[in-house]
There are 2 protein chains.
Amino acid sequence: MPTTLPPVSAHVESHFQSGESVRDVVIGMSDGLTVPFALAAGLSGAVSSTHLIVIAGLAEIAAGSIAMGLGGYLAAQGDAEHFASERAREEREIIERTRDEEEEIYEIFERYGVEREESRPVLEALKRKPTAWVDFMMSFELGLEEPRAGRARQSALTIAVSYIAGGMVPLLPYILMSSASEALLVSVGVTLVALFVFGGVKGRLTGSGTWKCALQTTFIGGLAAAAAFGLAKLFNRI
Amino acid sequence: MPTTLPPVSAHVESHFQSGESVRDVVIGMSDGLTVPFALAAGLSGAVSSTHLIVIAGLAEIAAGSIAMGLGGYLAAQGDAEHFASERAREEREIIERTRDEEEEIYEIFERYGVEREESRPVLEALKRKPTAWVDFMMSFELGLEEPRAGRARQSALTIAVSYIAGGMVPLLPYILMSSASEALLVSVGVTLVALFVFGGVKGRLTGSGTWKCALQTTFIGGLAAAAAFGLAKLFNRI
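Residues numbered from 1 in each chain as written. Chains lettered and ligands numbered in written order. Predicted model: local features only at pLDDT ≥ 70, side-chain atom pairs only at ≥ 80, totals over all residues. Heavy atoms only, no water.

A.B. asks: Hey, could you go over the interface of chain A and chain B for me, with residue numbers and the actual values?
C.D. replies: Taken together, the contact pairs 80 residues of chain A with 80 residues of chain B. Of the roughly 6,800 Å² buried between chain A and chain B on both sides combined, carbon and sulfur atoms contribute 71%. Taken together, chain A and chain B are joined by four salt bridges. With a closest N to O distance of 2.8 Å, Arg-128 of chain A and Glu-118 of chain B form a salt bridge. At the surface where chain A touches chain B, the tally comes to eight residue pairs in polar contact (both at pLDDT 80 or more). (Contact = heavy atoms within 4.5 Å. Buried area = accessible area lost by both parts, 1.4 Å probe. Salt bridge = Lys/Arg side-chain N within 4 Å of Asp/Glu carboxyl O. Polar contact = N/O pair within 3.5 Å; in protein donor to acceptor, adjacent residues only side chain to side chain.)

A.B. asks: Break down the side chain of Glu-90 of chain A for me, with residues and values.
C.D. replies: Residue and element names in this part refer to chain A. You can see Glu-90 is positioned in helix H3 (residues 50-96). This buried residue, Glu-90, is left without a salt bridge; Arg-89 holds the nearest opposite charge, at 5.3 Å. The contacts of Glu-90, once residues within four sequence positions are left out, are Glu-101, Val-134, Met-137, Met-138, Glu-141 and Leu-142. (Helix = DSSP H or I, 4+ residues; strand = E, 2+ residues; numbered from the N terminus. Buried < 20%, exposed > 50% of the residue type's maximum accessible area, 1.4 Å probe, protein only. Lys, Arg positive; Asp, Glu negative; His and termini not counted.)

A.B. asks: Describe the nonpolar core, listing the residues and the values that go with them.
C.D. replies: By size, the foremost hydrophobic cluster in this structure holds 69 residues, and its most contacted members are Tyr-174 of chain A together with Tyr-174 of chain B. Ranked by size, the runner-up nonpolar core spans 42 residues in total, among them Leu-123 of chain A together with Tyr-106, Met-138 and Leu-144 of chain B. (Core = buried A, V, L, I, M, F, W, Y, C linked by side-chain atoms within 4.5 Å.)

A.B. asks: Hey, could you go over the packing of helix H4 (residues 98-110) of chain B against helix H6 (residues 130-140) of chain B for me, with residue numbers and the actual values?
C.D. replies: Residue and element names in this part refer to chain B. Two elements in contact, H4 and H6, have axes whose closest approach is 12 Å; the angle formed by their N-to-C orientations is 50°. If you check the angle between H4 and H6, you find them oblique. Where H4 crosses over H6, the handedness of that crossing is left-handed. Between H4, through Thr-98, Glu-101, Glu-102, Glu-104, Ile-105, Ile-108 and Phe-109, and H6, the contact on the second element is made entirely by Trp-133, Phe-136, Met-137 and Phe-140. For the contact of H4 with H6, a count of residues per class yields seven nonpolar, one polar and three charged. (Axes fitted to C-alpha atoms, helices over the stretch in contact; angles between N-to-C directions. Parallel < 35°, antiparallel > 145°, perpendicular 65-115°, else oblique. Left-handed = near helix turned anticlockwise from the far one by under 90°. Nonpolar A, V, L, I, M, F, W, Y, C, P; charged D, E, K, R; others polar.)

A.B. asks: Please give an account of a nonpolar patch on the surface that cites residues and values.
C.D. replies: A contiguous nonpolar surface patch, about 370 Å² in accessible area, is contributed by Val-193, Val-197, Val-201 and Leu-205 of chain A. Along the chain, the position of Val-197 of chain A falls in helix H8 (residues 180-206). (Patch = residues over 30% accessible without salt bridge, like charges linked within 9 Å, V, L, I, M, F, W, Y side chains within 5 Å. Areas by Shrake-Rupley, 256 points an atom, 1.4 Å probe, with all protein chains shown as cover.)

A.B. asks: Describe in detail the packing of aromatic side chains, supporting the description with residues and values.
C.D. replies: Counting across every chain of the model gives 12 aromatic pairs over all chains. Between Phe-136 of chain A and Tyr-112 of chain B, the aromatic rings sit 5.4 Å apart at their centres with planes inclined by 85°, giving edge-to-face as the arrangement. Note that Phe-136 of chain A is positioned in helix H6 (residues 130-140) and Tyr-112 of chain B in the loop between H4 and helix H5 (116-128), a pairing that runs across two chains. According to the relative accessible area criterion, Phe-136 of chain A is buried, its value standing at 0%. According to the relative accessible area criterion, Tyr-112 of chain B is buried, its value standing at 8%. (Phe/Tyr/Trp six-rings, centres within 6.5 Å; stacked < 30°, edge-to-face > 60°.)

A.B. asks: Any details on empty space enclosed by the protein? Residues and values, ideally.
C.D. replies: Applying the stated criterion across every chain yields a total of one cavity of 30 Å³ or more. Of the voids in this model, the largest cavity is the one considered here, and its volume is about 60 Å³. Lining the largest cavity we find Asp-31, Val-35, Glu-60, Gly-64, Met-68 and Tyr-163 of chain A together with Asp-31, Val-35, Glu-60, Gly-64, Met-68 and Tyr-163 of chain B. Going through the elements one at a time, helix H2 (21-44) and H3 of chain A together with helix H2 (21-44) and helix H3 (50-96) of chain B are the ones with two or more residues in the lining of the largest cavity. (1 Å grid on protein atoms, 1.4 Å probe; cavity = no way out; pocket = protein on both sides within 12 Å on 5 of 7 lines; lining within 4 Å. Points joined across faces, edges and corners; volume = space filled by probe spheres on them.)

A.B. asks: Could you give an account of the relation of the copies chain A and chain B, with specific residues and numbers?
C.D. replies: Its rotation angle being 180°, the transformation that places chain A on chain B also includes 0.0 Å of axial translation and leaves an RMSD of 0.1 Å. The superposition of one copy onto the other is thereby described by a two-fold rotation axis. Taken together, the interface assignments show that 100% of the residues at the interface of chain A recur at the interface of chain B, consistent with an identical surface on both copies. (Least-squares fit on C-alpha atoms with pLDDT ≥ 70 in both.)

A.B. asks: Please give an account of the pattern of salt bridges that cites residues and values.
C.D. replies: Using the criterion set out here, one finds 20 salt bridges over all chains in the structure. Between Glu-81 of chain B and Lys-212 of chain A there is a salt bridge, with its nearest N and O atoms 2.7 Å apart. Taken together, the positions of Glu-81 of chain B in helix H3 and Lys-212 of chain A in helix H9 (residues 210-237) put the pair across two chains. The salt bridge involving Glu-103 of chain B is made with Arg-116 of chain B; its shortest N-O contact spans 2.4 Å. Remark: Arg-116 of chain B occurs in helix H5 and Glu-103 of chain B occurs in helix H4; sequence separation between them is 13 residues. Where salt bridges share partners, they join Arg-87, Glu-91 and Asp-135 of chain A into one cluster.

What follows is the structure, given as structure tokens:
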């Protein structure tokens, strides 16, 4: 085992982990910080009282967190069902269509320039252990990883809570202040800072660059808010 | 080649395809049909004129499509960058840490009960073709597939357009009618039908069941709208 590089299993594990909870928080919070922020900013271009903006903001946060959370739940559950049904199919196929499945293993290796006589020992080894053979086909033929149990519920909760947490940041100034134009200024300031910090943390965790991701996230939020504000101003004149 | 089962390459291809454009349309339209619908319904519980609901709805659609579209663009671009940097790392490692990488191949096969002497011919074959070796490590060690070129831009556009198309369905009654309570009834009717049809098509395309997915999608939209409506009613009294 090399000492400077992590072992294969730890390697895969770290990829797997970052593709789960971090992704759910990122999904929920990106939209939570952006859309309620932009909506509130947009409405500030059309109304002067914060009361209606708070109602719209809360309605949006409720709708968004339910839509994204339940959406995430069903997506994760769909992944789990898809995996189970594909696995059941592979289990049948290695029994009922043994020759075809053997052929598929040869074809997988041929894509990497491995000749039939070179991959045959692997095939023989897999045929000794049907469960390992099915696992092998799931990963290497279909590229499917088994979803963790309980993943769907955890994913739904993480996304929904992140959305609500993100959405309350831009809305808080409107809740605490009565003038929409003043609350807008505070909301813009606080939310751009929050987007920048969140983007930076996201970039660090996902390995796509702290500063780059901070700037990108701030840019998306700012652009969405500016577009919503401009559209509301424009439409309010009609 | 079996005649009743598709060849491995077509098999993988169909998985790949359904994981792309269909997923983007589903992502955009699910949220587009749900969140603007729920927001408009929620505001109908607080205001009587449709004017402000249309402004809020348009602001939300602008913000949501930008946030989701650009978010999708950056996510796809991030995937492409991640793939390129991991590939460059693997290319270095098979030269600089040849022994470690050989060890990793043995470990990959050992997980499936394939002994060292059985996987050695595959290792020898991969060593003849360094490019195939790197490809093999990308797929089988890291589980990464190369993103298609131009994927990021196409993904962004598909998500944004789907969001706008979805969001205009619930908003149209408010644009065409002046009474919020009347527009709400039409919007609820039209959107629940749209959610049901969209959910059914989605379930058919993704293979997760036409009727089941139709009911689930309608349920999420209805629940989000009911929650937004109730919250707005409640908060409007305070």
